[in-house]
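# What the coordinates show
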Amino acid sequence: MNKSFIKLPAAALVLAFLALGISGCSDPKPVERNATQFDLVNTDDANQDIGTYVLPQDTSILNEPNADQIFYGKRLLNETKRLMPEHVGAAMNCNSCHISQGKIPLGDPYINSFNTYPRVMPRSGKEIDLVGRINGCFQRSMNGKPVPRESEEMKAMVAYMEWLAQNTPKNQKVAIENAGSIDTSLVADTVRGEKIYYAQCAACHGDNGEGLKDSRGDIVFPPLWGDESFNIGAGMARTYKAAAFVKYNMPMGIQTKGLWGHGNVLSDQDAVDVSEFFAHKPRPDFPGKVNDWPTGKKPKDARY
Ligand code: HEC
Ligand code: HEC
């Protein structure tokens, strides 16, 4: 028998294993969390190579004609509760969820926000612009009140996001993922979730999910449930949305593979279990819920 006949199937087998190793692996490829450069993608033609987005240094804000406005927006996103108490019901800042000031992959970055809106959102069933999207987070994630479109505060937050977009044309997107992937076919086990919570989360977020404030009342660790948390209309109140955040961002400040960073230690099942546990704890209602998902398409983890 010709030797190459035997070799051929062996090589095919190796190739098949390699292919399995790549496609059958459930772990997503690692994402460089502290990247400062990302590819740009043409949204009309994804194959077109159009260069790189470089994350700007905050010092470069000083070169902008509206530097004061951009810095004000940056402060508002960091210290929302303290600076805009009348619009924020929760003990939460925007950047309690938009990690590292909206500059980190899988941590709900703001980098594409200026160019992503207006767009039709399934939740509202209509076109929402950036101001509307920001107010969605005020009313749900911050359990607060919308901020007037023409206010200095709203204009400043939008200016910060516009600066972060660095003149990226409307038909281009920065290749940065807003959220990581999570296996939504997993069924949550809240008993396990409770154990994970008290082992890995309660040290910062509190035995009753209440978070922690400093002596001035500023937020050190944001609450995960209760009167001062986000309401049931927030994305974070949905098990799988929360799990996609938790898996890649929490617990925060732990050492993973020799690097101080956040998250990426829980399995998908852990993240789903602990998220179901805290997301379904008591929290404020959202009166506007009756208008959500008017055209159907309600996700299976919606709370109402
Ligand atoms: C409790 C967590 C939480 C808080 C607090 C929060 N957000 Fe969000 N925000 C989210 C989540 C989750 C999304 C949806 C991301 C997605 O679509 O995957 C989001 C989406 C957004 C988007 C759209 C991002 C995009 O490019 O599509 C903007 C802009 C935004 N938030 C701004 C704000 C502002 C401004 C505040 C403060 C007033 C705020 N958020 C507070 C969780 C939060
Ligand atoms: C070492 C402290 C620490 C630990 C431990 C920790 N977190 Fe957090 N968590 C934070 C901080 C701080 C923030 C706010 C984000 C920021 O400041 O960058 C946050 C934000 C959050 C948020 C979004 C804001 C909110 O209040 O809803 C969720 C959800 C969350 N954490 C869930 C968890 C879960 C689940 C665990 C356990 C698996 C966990 N965290 C463990 C410190 C921690």
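For the structure given in this document, a descriptive report is provided here.

Cut-offs used in this document
- Residues numbered from 1 in each chain as written.
- Chains lettered and ligands numbered in written order.
- Predicted model: local features only at pLDDT ≥ 70, side-chain atom pairs only at ≥ 80, totals over all residues.
- Heavy atoms only, no water.
- Donors = N, O, S within 2.8 Å, 3.2 Å for Na, K, Ca; no water.
- Tetrahedral: all angles 85-135°; square planar, octahedral: opposite > 155°, others 65-115°.
- Helix = DSSP H or I, 4+ residues; strand = E, 2+ residues; numbered from the N terminus.
- Near = heavy atom within 4 Å.
- Polar contact = N/O pair within 3.5 Å; in protein donor to acceptor, adjacent residues only side chain to side chain.
- Nonpolar A, V, L, I, M, F, W, Y, C, P; charged D, E, K, R; others polar.
- Domains from an automatic or database assignment.
- Buried < 20%, exposed > 50% of the residue type's maximum accessible area, 1.4 Å probe, protein only.
- Pairing = 2+ DSSP bridges.
- Contact = heavy atoms within 4.5 Å.
- Axes fitted to C-alpha atoms, helices over the stretch in contact; angles between N-to-C directions.

Once that is clear, we can look at the coordination of the iron atom of ligand 1. Here the iron atom of ligand 1 is held by H98 (NE2) and C137 (SG), and the distances to it run 2.1 to 2.4 Å. One can describe the site at the iron atom of ligand 1 as octahedral: its 6 donor atoms subtend angles covering 86 to 179 degrees at the metal. On the criterion of sequence distance, the pair formed by H98 in the loop between α3 (80–83) and α4 (99–102) and C137 in helix α6 (residues 130–139) is long-range, its members being 39 residues apart.

If you check the shell around ligand 2, you find 22 residues, and the closest are C201, C204, H205, P223 and M250. Taking H205, its side chain carries an N or O atom lying 2.8 Å from a nitrogen atom of ligand 2. Grouping the constituent residues of the shell around ligand 2 by class yields 18 nonpolar, 4 polar and no charged. The residues that make up the shell around ligand 2 include at least three from each of domain 1 (37–174) and domain 2 (190–291).

Neighbouring ligand 1 are 21 residues, the closest being C94, C97, H98, Y117 and C137. Within the contact set of ligand 1, an oxygen atom lies 2.7 Å away from a side-chain nitrogen or oxygen of Y117. Within the side chain of K241, a nitrogen or oxygen atom sits 3.1 Å from an oxygen atom of ligand 1. Here the shell around ligand 1 takes 5 residues from α6, the largest share from any one element.

This part takes up the coordination of the iron atom of ligand 2. In this structure, H205 (NE2) and M250 (SD) serve as the protein donors to the iron atom of ligand 2, at separations of 2.0 to 2.3 Å. Coordination at the iron atom of ligand 2 is octahedral: its 6 donor atoms span angles of 88 to 179 degrees at the metal. Taken together, the residues span a long stretch of sequence, with H205 in helix α9 (residues 202–205) and M250 in the loop between α10 (239–249) and β8 (252–256) at a distance of 45 residues. Judged by relative accessible area, H205 falls into the buried class, the value being 11%.

Here the focus is the pairing of strand β2 (residues 49–54). Sheet topology places strand β1 (residues 37–42) next to β2; 4 bridges connect them, and they run antiparallel. By the bridge assignment for β2, D39 is matched with T52. Between β1 and β2, which follow one another and run antiparallel, lie 6 residues.

With an omega of 0 degrees, the peptide bond between Y117 and P118 qualifies as cis. For P118, the location among the structural elements is in the loop between α5 (113–116) and β3 (119–121). In this structure, P251 follows M250 across a cis peptide bond, with omega equal to -10 degrees. Among the structural elements, P251 can be located in the loop between α10 and β8. Of note, the phi angle at D108 is positive, near 55 degrees, even though the residue is not glycine. Positionally, D108 belongs in the loop between α4 and α5. With a relative accessible area of 23%, D108 lands in the partly exposed category.

Turning our eyes to something else, we now look at the pairing of β1. Looking at chain direction, β1 and strand β5 (residues 172–174) are connected through 3 bridges and run antiparallel. Residue L40 lies in a different strand from β5, and its bridge partner there is V174.

Checked against the element boundaries, D273 lands in helix α11 (residues 268–279). Side chain to side chain, D273 and R192 meet in a polar contact 2.6 Å long. Contact partners of D273, with chain neighbours within four places excluded, come to V187, A188, D189, R192, G193 and I196.

This next bit is on the sheet that holds β1. Paired through backbone hydrogen bonds, the strands of a sheet run either parallel or antiparallel to each other. Here we have 3 strands laid out as an open sheet, ordered β2-β1-β5, and antiparallel in their pairing. Of all strands in the sheet, those with a lone pairing partner are β2 and β5, marking the two edges. In this sheet, neighbouring strand axes are inclined to one another by 30 degrees on average, regardless of whether the strands run parallel or antiparallel.

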